[in-house]
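A closer look at the structure
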Amino acid sequence: MLYAHFENKQAVFDAAMARYGPQNSTGAVNAVAPALAETDPPRFLTELVGAFLEDWDREEARLLISLVTRDGLLHSDALRAPLTGMRDYAVDLFARWLAAERIPRHLGPAERLAFSFTGPIGLARVLHLHAEASPEERAQARADVLRHVEFFTEVVFHAESERYTGEPRPQP
C-alpha cells in the first residue's frame, strides 16, 4: 500500500525528511531574541539550545532520528544540507564574537569553536532523543546538554561573564 503512494524507499524517506526533518528546526532559531546574540551571547546560546531541545524532543522528531539512524541515512543529502546550514550559522556567530573580541582570539578559529560547541549536543540528540528513549533518558540528555552549554559558555566567555554578573569568575 505504501508503495502505491511512493516510488521506492528513498521517496518515503525524502517525504519524511521534507515534513519532519531538521529544516523545521530553523524555527528554533527564530524563537530566540536576535538581540541577545549581541548583548548576552551566553544567554543567547543557552536559549537557542533550549529551543532546539524542545523541538528535538517532539515525538515526530524523535521518530525521525530513529529512522535516520536505523536505516544508515545519517550521511544523506537530505540531512546533510540543513545540518551544514546550522553549522555555518554557528560558525558565523563565533566569527562575529571573535571579531568583536567577546571571545579571546586564542580560542578560535570560529570553525573549531562551532564544532566544539555543537558536537556534544548532536551526539546527545542521536543517542538519547530518539523514539525508544524513556522519559528519564530524555530528561538526562536535556540536562547533560544544558550542562555542556553552561560549561562551554563559562570557559569561552569567562571575561564576558564578569560583565554580565558583575562578579569575578571563581579561580580554581
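Read on for an overview of the structure. (Residues numbered from 1 in each chain as written. Predicted model: local features only at pLDDT ≥ 70, side-chain atom pairs only at ≥ 80, totals over all residues. Heavy atoms only, no water.)

1. Regarding the nonpolar core
- Of all hydrophobic cores here, the largest spans 33 residues; its most connected members are F44, L45, F94, W97, I103 and F117.
- Listing elements by their share of this core, those giving two or more residues are α3 (26-30), α4 (36-39), α5 (41-56), α7 (77-99), α8 (110-128) and α9 (135-156).
- When residues in this core are grouped by element, the largest group, 8 residues, is from α5.
- Those residues in contact with F44, other than ones at most four positions away along the chain, are V32, A33, P34, L36, A37, Y89, L93 and W97. (Core = buried A, V, L, I, M, F, W, Y, C linked by side-chain atoms within 4.5 Å. Buried < 20%, exposed > 50% of the residue type's maximum accessible area, 1.4 Å probe, protein only. Helix = DSSP H or I, 4+ residues; strand = E, 2+ residues; numbered from the N terminus. Contact = heavy atoms within 4.5 Å.)

2. A look at a nonpolar patch on the surface
- Residues L123, V126 and L127 make up a contiguous nonpolar surface patch of roughly 250 Å² in combined accessible area.
- With respect to the secondary-structure elements, L127 resides in helix α8. (Patch = residues over 30% accessible without salt bridge, like charges linked within 9 Å, V, L, I, M, F, W, Y side chains within 5 Å. Areas by Shrake-Rupley, 256 points an atom, 1.4 Å probe, with all protein chains shown as cover. Salt bridge = Lys/Arg side-chain N within 4 Å of Asp/Glu carboxyl O.)

3. Some thoughts on unusual backbone geometry
- Here the bond from G108 into P109 is cis, since omega is 5 degrees, no more than 30 degrees from zero.
- Tracing the sequence through the fold places P109 in the loop between α7 and α8.
- A positive phi angle, near 60 degrees, is found at E101, a position not held by glycine.
- Structurally, the position occupied by E101 is in the loop between α7 and α8.
- For E101, a relative accessible area of 64% translates into the label exposed.

4. Considering the packing of α5 against α8
- With their axes 12 Å apart at the nearest point, α5 and α8 run at an angle of 20 degrees to one another. Between α5 and α8, the angle is such that the two are roughly parallel. Between α5 and α8 the crossing geometry is right-handed. Listed contacts from α8 to L45, V49 and W56 of α5 are F117, I121 and R125.
- Looking at the contact of α5 with α8, its residues break down into 5 nonpolar, no polar and 1 charged. (Axes fitted to C-alpha atoms, helices over the stretch in contact; angles between N-to-C directions. Parallel < 35°, antiparallel > 145°, perpendicular 65-115°, else oblique. Left-handed = near helix turned anticlockwise from the far one by under 90°. Nonpolar A, V, L, I, M, F, W, Y, C, P; charged D, E, K, R; others polar.)

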